[in-house]
Amino acid sequence: MTSFDQPYAPINTTALQAGINKDYVTGLLMKLLSTPSPTGYTHHAMNLLKEEAEKLGYTMERNAKGCGIIRVKGSDDTSDRVIALSGHVDTLGAMVRSINSNGTLKLTSLGGFMANSMENEYCIIHTRSGRTYTGTIMTNQPSVHVFSGARDLKREEGVMMVRIDELVHTADDVKKLDIHVGDYVSFDARPVHLPSGFIKSRHLDDKASVAALFGLLHSMKHNQWQPKHDIVMIVTNYEEVGHGASYIPQDITEMIAVDMGCIGDDLTCKETDVSICAKDSSGPYDYFMTNRLIDLAVREGIPHAVDIYPHYGSDASASLRGGNNIRAALIGPGVHASHAMERTHEQAVLNTAKLLAAYIQE
Ligand SMILES: [Zn+2]
């Protein structure tokens with residue numbers, strides 16, 4: 001493989017600027033954030049993206065596992081590189097674990113998060129027959145006027161419950177609503193796009209990155225440019241449980257997982273940066289791809305950070321663990337308080353799209 005066996009050629013400083021449309025990216029992001037898609041229950045969000053891809057003149061196919069696949073032809077017919085760009089549309093969420101005798105629900109979590117991060121959140125129960133009911137997630141000691149241990153109660157899955165907004169007092173009342181064990185529960189994302197440019201919402205991980213990927217498609221379409229190498233965009237649907245991109249189309253030679261950048265402690269990323277991850281819990285990312293991403297960010301003047309993520313795995317790690325013969329890197333918009341009350345800035349999403357644009361034009 002030509003360029004993979006040695007460091008990349010010197011940087012060409014004339015690559016065109018991509019021109020990512022902020023209103024398009026943030027508009028799509030707000031729509032996505034308002035569409036519940038807990039891991040395993042992503043079909044509504046996938047349908048939204050399929051329609052969006054078609055509006056832009058692309059085709060989004062679904063593979064057997066349900067991932068969305070969008071192919072964009074590269075301009076260089078002699079290139080042997082096929083670059084995958086992945087983002088995951090599945091989010092944290094929960095499932096009904098059991099129905100309590102007082103008509104509330106016990107939950108089991110989908111994905112890894114602190115029990116206190118879902119406390120007091122509004123939620124939707126999605127029954128398997130297609131009905132929806134609203135409720136609120138709380139502890140089983142939800143009032144300080146009644147429960148002397150309410151303040152000190154350790155927040156963990158076993159003490160959390162859903163209070164359903166229906167007249168239910170027994171488990172049978174709940175079953176009459178057609179709510180059963182195994183039904184999906186999504187959290188109210190409460191997306192807000194503020195005049196300061198901040199976007200605060202649950203599930204910016206990883207809908208902010210999916211919006212960045214579609215911003216790239218939008219830019220190619222409206223500014224009429226083409227990537228140099230063939231691109232395969234992959235929208236995955238099981239990342240939060242670890243196996244999102246475990247299988248990828250076999251012509252892919254390299255993959256950039258686009259997923260939220262970590263912020264906090266000794267990490268240097270800000271909410272306006274695109275974060276380039278050198279290493280996470282799955283080990284180091286590809287040396288040459290990571291170098292290239294850093295060099296391009298510097299060359300294009302894109303605000304960025306290079307960081308180590310101490311507790312993290314990505315769809316690129318899932319792909320490598322799945323046995324795919326690829327090199328892989330990880331970048332994404334900086335997201336504060338990830339898997340809790342998240343916030344990023346529109347600049348981080350645009351900077352992510354810009355860095356991807358630079359990478360696929362070289
Ligand atoms: Zn993620």
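Structure first, text after, so check above.
In this text the structure is predicted, and so the values were computed from the model without any measurement.

Novice: Please explain unusual backbone geometry as it appears in this structure.
Specialist: Glycine aside, negative phi is the norm for most residues, and most peptide bonds take the trans geometry. The step from Asp205 to Asp206 runs through a cis peptide bond, and the omega angle for that step is 10 degrees. Relative to the elements of secondary structure, Asp206 occurs in helix α4 (residues 204-222). Positive phi is not limited to glycine here, since Asp178 has a value of about 75 degrees. Counting through the fold element by element, Asp178 comes out in the loop between α3 (171-176) and β9 (184-187). Notably, His339 is not glycine yet its phi reads approximately 60 degrees, a positive angle. As for its placement among the helices and strands, His339 is situated in the loop between β17 (327-333) and β18 (343-345).

Novice: Just checking my understanding: could you explain the layout of surface pockets for this structure?
Specialist: Gaps left between atoms are located by rolling a probe of water-molecule size over the structure's atoms. As a volume, the largest pocket reaches approximately 520 Å³. For the largest pocket, the lining is made up of 29 residues, of which Met260, Cys262, His311, Tyr312 and Gly313 are closest to its centre. Broken down by element, the lining of the largest pocket gets its largest block of residues, four residues, from helix α6 (residues 315-321). Of the residues that constitute the lining of the largest pocket, the class distribution is nine nonpolar, 12 polar and eight charged.

Novice: What is the right way to look at the coordination of the zinc ion in this model?
Specialist: Under ideal tetrahedral coordination, the four donors around a metal are separated by 109.5 degrees; under ideal octahedral coordination, the six donors are separated by 90 or 180 degrees. Taken together, the protein donors to the zinc ion comprise His88 (NE2), Asp205 (OD), Asp259 (OD) and Asp259 (OD), at separations of 1.9 to 2.6 Å. In this structure, the zinc ion is coordinated by four donor atoms arranged in irregular fashion, with angles at the metal of 52 to 142 degrees. Sequence spacing among the residues donating to the zinc ion works out to H-x116-D-x53-D. Of this pair, Asp205 sits in helix α4 while Asp259 is found in the loop between β13 (254-258) and β14 (274-280), placing the two residues 54 residues apart along the sequence. For the pair Asp205 and Asp259, one class covers both residues: buried.

Cut-offs and rules
Sequence positions are assigned chain by chain, starting from 1 and proceeding in written order. Since the coordinates come from a predicted model, pLDDT governs what is reported: local features require at least 70, and pairs of side-chain atoms require 80 or more to be given and counted, while whole-chain, interface and lining totals use all residues. To get the side-chain values, all heavy atoms of the structure are used, and hydrogens and water are removed first. Each helix corresponds to a stretch of at least 4 residues labelled H or I by DSSP, and each strand to a stretch of at least 2 residues labelled E; elements are numbered beginning at the N terminus. The method works on a 1 Å grid over the protein atoms by themselves. A cavity is a set of points holding a 1.4 Å probe that cannot get out, a pocket is an open set with protein on both sides within 12 Å along at least five of seven lines, and residues with an atom within 4 Å of a point line them. Grid points are joined across faces, edges and corners, and a volume is the space filled by probe spheres set on the points. Three classes are used: nonpolar for Ala, Val, Leu, Ile, Met, Phe, Trp, Tyr, Cys and Pro, charged for Asp, Glu, Lys and Arg, and polar for all others, with Gly counted as polar. Metal donors: N, O and S atoms at distances within 2.8 Å, or within 3.2 Å for Na, K and Ca, with water omitted from the atom set so that some sites may seem incomplete. In short, tetrahedral needs four donors with all angles between 85 and 135 degrees, square planar needs four and octahedral six donors with opposite donors over 155 degrees apart and all other angles between 65 and 115, and whatever is left is irregular. Under the scheme applied here, a residue whose accessible area is under 20% of the maximum for its type counts as buried, over 50% as exposed, and between as partly exposed, the area being computed with a 1.4 Å probe on protein chains only.

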